[in-house]
Amino acid sequence: MRRPSLLLASGALVLAAAACAPADDTSTTASAAASPVGSAAADACAKESLKLITPGKLTIGTDKPAYEPWFKDDNPSNGQGFESAVAYAVAEKMGFTKDEVTWAVVPFDSSFAPGPKQFDFDVNQISITPSRAKAVDFSQGYYTVKQGVVALDGTKFASATSLAELKDAKIGVQAGTTALEAVRSVIQPSKDPSVFNQQVDAVNALKNKQIDAIVVDLPTAFYVTAAQVEGSKIVGQFDANAGEPEEFGLLFQKGNPLVSCVDKALGELRSSGELAQIESQWLTAAAGAPELK
Amino acid sequence: MTEGEAAGSPVAEPEAAESPAGNPEAAGSREGDLRAEPGGTSLPSEAAAPVGSPGRGESPVWVKSERQLRREAELRGRARRSVSVATASTIVVVVALVVGITSSPGWPRVRETFLSPEAFVAALPDVLRGFVLNIEMFLIAEVFILVLGLLVAVVRGLRSPVFFPLRALAVIYTDVFRGIPTILLIYLVGFGIPALALQGAPSDPVTLGIIALVLSYGAYVAEVFRAGIESVHPSQRAAARSLALTQGQTMRHVVLPQAVRRVIPPLLNDFVSLQKDTALVSVLGPLEALRQAQIHKDLDFNFTPYLVAALLFILLTVPMARFTDHLAARAARRQTGGGTA
């Protein structure tokens, strides 16, 4: 009696598989059919014709905790902090009022994992690289980032004036950041860098003197020295890769037609000088760090 | 099929007895064979035939009764049927899974992000390098874990009232450290001990990670040892004590040797578990296999490196699991005196 039930079970499995597969297909075709309303590019970016996760609302994703100076008080929806301000500026350009913007908590990993997304775009200090662009779509860059080195005041590496002097330092970085690549390709330290899950873990290790220095993007470096680690200083800044500047981009599900509309909004913000204004409002301190060569 | 046939013939009988883990159909047919003897039309000398080795001088005349032949054919048929049903249902399930997964709309993306050969090759050297660190960590940790676990188990077994504080300490230790999730313990030890800024306290993340693993697994292993010690029959202690052995001598020469032998399979089980949990030390910063895989994943937004790490862990744990099975089987064989009881 067990055998027929097994066959029945596998039969049910086939049915289930067959039932699952097309379900997603129909939903995509249905929503695809709904989206092309206007033919001109301007019309396609009209608020009503945008294909959004939640109709009528712009859903923006970011990780939690959301760190300063990118966000303030771990609350992306207050419009404060650089990325929150940029996100709201983009939304406004696209015709969304402040209460038509909703925020979703999206861990970094799930922002680029395959599968349906719960955000229209994700803003999380994500650097644009060609290999990443194979998995997701990026907007234009909205911020050109440099890397900053932070060490405890009075320690051996705090007085370094060149990258060569940092070669023997034990350096900590946060996983998933381009800082690790920057450390490896630019500083080329003699010891393996330490890689931490969270920025605060790296900061803790620095406080505990388990590492000599941390490398983070420059605005974060200013936040670390100002608010997170007493008696720390920025040793200096450097370019992540010698060739092209590293830029943060808004992240989209691969193939999302929204990209061009957001790019258009970003372009307008840049040419009107608004983007520079937002940057100077939230990231001004970035100007004073000495260059490390 | 051949096994079923072999089991029926006296020539192959001793061979089959040597591998009791053989296929159950074969065992069934052998049983049927023996049961057949008394009721069958065969000569009484047949009953002895399977026991006697074929090389003996007076080779017994073996003539299978027609009934026996029918029975064997029936058993063979049944075995064939069950094998073909199993094969068919396996094929159906596998095909359903493969078709179901590959025809899903997201499959091309999944294949690209989880099963990319380029990403696999790119990540392999780094992940492998990280994996060496995992191996180092669990090999070092295991030594301390066994010592600590045995110590705690023995302390818990001390009878004298003088040792009450020690016993209480052992109980508290197992309760506390078995209760804390290993990853939490790694965090607490890894960031807590250096924060104390004590002179001479370790600050190297690998050392701290190993300390945390030893504390966590020591508690599990202590309980395994205690179970082993308690499984030794009280009569063994009584006998040893009546031979004028002290408590300590009884423990050392009588109880522990038996206890340890009994708990080797569960110990190896914990060892396999430890191998995997070395990946948790990644939170402290060292570049072990999981972290190396994560770095590659974050670089290209491709999850294939995780598959690389997973495969490496499997490659290590599967032989361990088989070795555990082998030891368990050997222990079972020894306890039954080599027979098939």
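Scope of this entry: the structure provided in the associated data block. (Residues numbered from 1 in each chain as written. Chains lettered and ligands numbered in written order. Predicted model: local features only at pLDDT ≥ 70, side-chain atom pairs only at ≥ 80, totals over all residues. Heavy atoms only, no water.)

A count of helical and extended segments in chain B gives 13 helices and 0 strands. By the burial criterion, 37% of the 341 residues in chain B qualify as buried. When the accessible surface of chain B is summed, it comes to about 18900 Å², and 67% of that surface belongs to carbon and sulfur atoms. (Helix = DSSP H or I, 4+ residues; strand = E, 2+ residues; numbered from the N terminus. Buried < 20%, exposed > 50% of the residue type's maximum accessible area, 1.4 Å probe, protein only. Areas by Shrake-Rupley, 256 points an atom, 1.4 Å probe, with all protein chains shown as cover.)

Bringing the interface of chain A and chain B into the picture now. At the junction of the two partners, chain A supplies 40 residues and chain B supplies 39 residues. For the chain A face of the interface with chain B, the top three residues by lost area are Phe112(A), Pro114(A) and Gln210(A), together amounting to 17%. Summed over the shared surface of chain A and chain B, the number is 2 salt bridges. A salt bridge links Asp109(A) to Lys297(B); its shortest N-O distance comes to 2.6 Å. Connecting chain A to chain B are 13 residue pairs in polar contact (both at pLDDT 80 or more). Sorting the residues of the side of chain A that touches chain B by element identifies helix H1 (2-34), helix H4 (108-112), helix H5 (179-187), strand E7 (194-196) and helix H6 (199-207) of chain A as the ones contributing at least two each. (Contact = heavy atoms within 4.5 Å. Buried area = accessible area lost by both parts, 1.4 Å probe. Salt bridge = Lys/Arg side-chain N within 4 Å of Asp/Glu carboxyl O. Polar contact = N/O pair within 3.5 Å; in protein donor to acceptor, adjacent residues only side chain to side chain.)

Another aspect to go through is the packing of H6(A) against helix H7 (residues 218-228) of chain A. All names here are of chain A. Running from N to C, H6 and H7 point in directions that differ by 55°, and their axes come no closer than 12 Å. Taken as axis vectors, H6 and H7 run oblique relative to one another. The handedness of the crossing between H6 and H7 is right-handed. Seen from H6, the contacting residues are Gln199, Val200, Val203 and Lys207; seen from H7, they are Thr220, Val224 and Gln228. (Axes fitted to C-alpha atoms, helices over the stretch in contact; angles between N-to-C directions. Parallel < 35°, antiparallel > 145°, perpendicular 65-115°, else oblique. Left-handed = near helix turned anticlockwise from the far one by under 90°.)

Here we come to a nonpolar patch on the surface. Residues and elements named next belong to chain B. Taken together, the side chains of Val110, Phe114, Leu115, Leu307, Leu311, Ile314 and Val318 make up a nonpolar region of the molecular surface, amounting to roughly 520 Å² of accessible area. Within the residue set of the nonpolar patch, elements represented by two or more residues are helix H5 (107-114) and helix H13 (304-335). It is H13 that contributes the most residues to the nonpolar patch, 4 residues altogether. In this structure, Leu307 sits in helix H13. (Patch = residues over 30% accessible without salt bridge, like charges linked within 9 Å, V, L, I, M, F, W, Y side chains within 5 Å.)

In the structure shown here, the tally under the stated rule is 23 aromatic pairs over all chains. Taken together, a centroid distance of 6.0 Å and an interplanar angle of 90° make the contact between Phe71(A) and Trp103(A) edge-to-face. One end of the pair, Phe71(A), is in the loop between strand E1 (58-62) and helix H3 (82-93); the other, Trp103(A), is in strand E2 (residues 101-105), and 32 residues separate them in sequence. With a centroid separation of 5.7 Å and an interplanar angle of 45°, the aromatic rings of Phe121(A) and Phe252(A) are classed as tilted. With Phe121(A) in strand E3 (residues 121-122) and Phe252(A) in strand E10 (residues 246-252), the pair connects residues that are 131 residues apart, well separated along the chain. Residue classification places Phe121(A) among the buried positions, given a relative accessible area of 0%. For Phe252(A), a relative accessible area of 0% translates into the label buried. Ring-pair connections join several aromatic residues into one group, and the members of that group are Phe108(A), Phe112(A), Phe138(A), Phe114(B), Phe301(B), Phe303(B) and Tyr306(B). (Phe/Tyr/Trp six-rings, centres within 6.5 Å; stacked < 30°, edge-to-face > 60°.)

In this section: helix H7 (residues 164-179) of chain B. Residue and element names in this part refer to chain B. Look at H7: 22 Å from first C-alpha to last across 16 residues, which is about the 22 Å you get at 1.5 Å a residue. Within H7, burial applies to Arg167, Ala170, Tyr173, Thr174 and Phe177. Considered in projection along H7, the buried side chains sweep an arc of 125° and stay on one side of the axis. Away from its buried face, by an angle of more than 90 degrees, H7 presents the exposed residues Phe164, Pro165, Leu169, Ile172 and Gly179. Packed against the buried residues of H7 are helix H6 (117-156), helix H8 (182-195) and helix H9 (205-231). (Expected span 1.5 Å × (residues − 1). Arc of directions from axis to C-beta.)

This part takes up the pattern of salt bridges. Residue and element names in this part refer to chain B. On inspection of all chains with the given rule, the structure shows 15 salt bridges over all chains. Residue Asp325 is joined to Arg322 by a salt bridge in which the shortest nitrogen-to-oxygen separation is 3.2 Å. Of the two residues, Asp325 and Arg322 both sit in helix H13, 3 residues apart, roughly one turn of that helix. On the accessibility criterion, Asp325 (43% relative accessible area) is partly exposed. Through salt bridges with shared partners, a single network forms among Arg156, Arg178, Glu223, Arg226 and Glu230.

With that settled, the discussion passes to the sheet that holds strand E8 (residues 213-217) of chain A. All names here are of chain A. The strand order across the open sheet formed by 5 strands is E7-E6-E8-E5-E9, and the pairing between neighbours is mixed. Single-partner strands in this sheet number two, and they are E7 and strand E9 (232-238). Adjacent strand axes in the sheet meet at a mean angle of 30°, parallel and antiparallel pairs treated alike. Inspection of the sheet shows strand E5 (residues 147-152) paired to E9 by 6 bridges, in the antiparallel sense. Within E9, the residue paired with Leu152 across the bridge is Ser232. (Pairing = 2+ DSSP bridges.)

So yeah, pure geometry; function would need other evidence.
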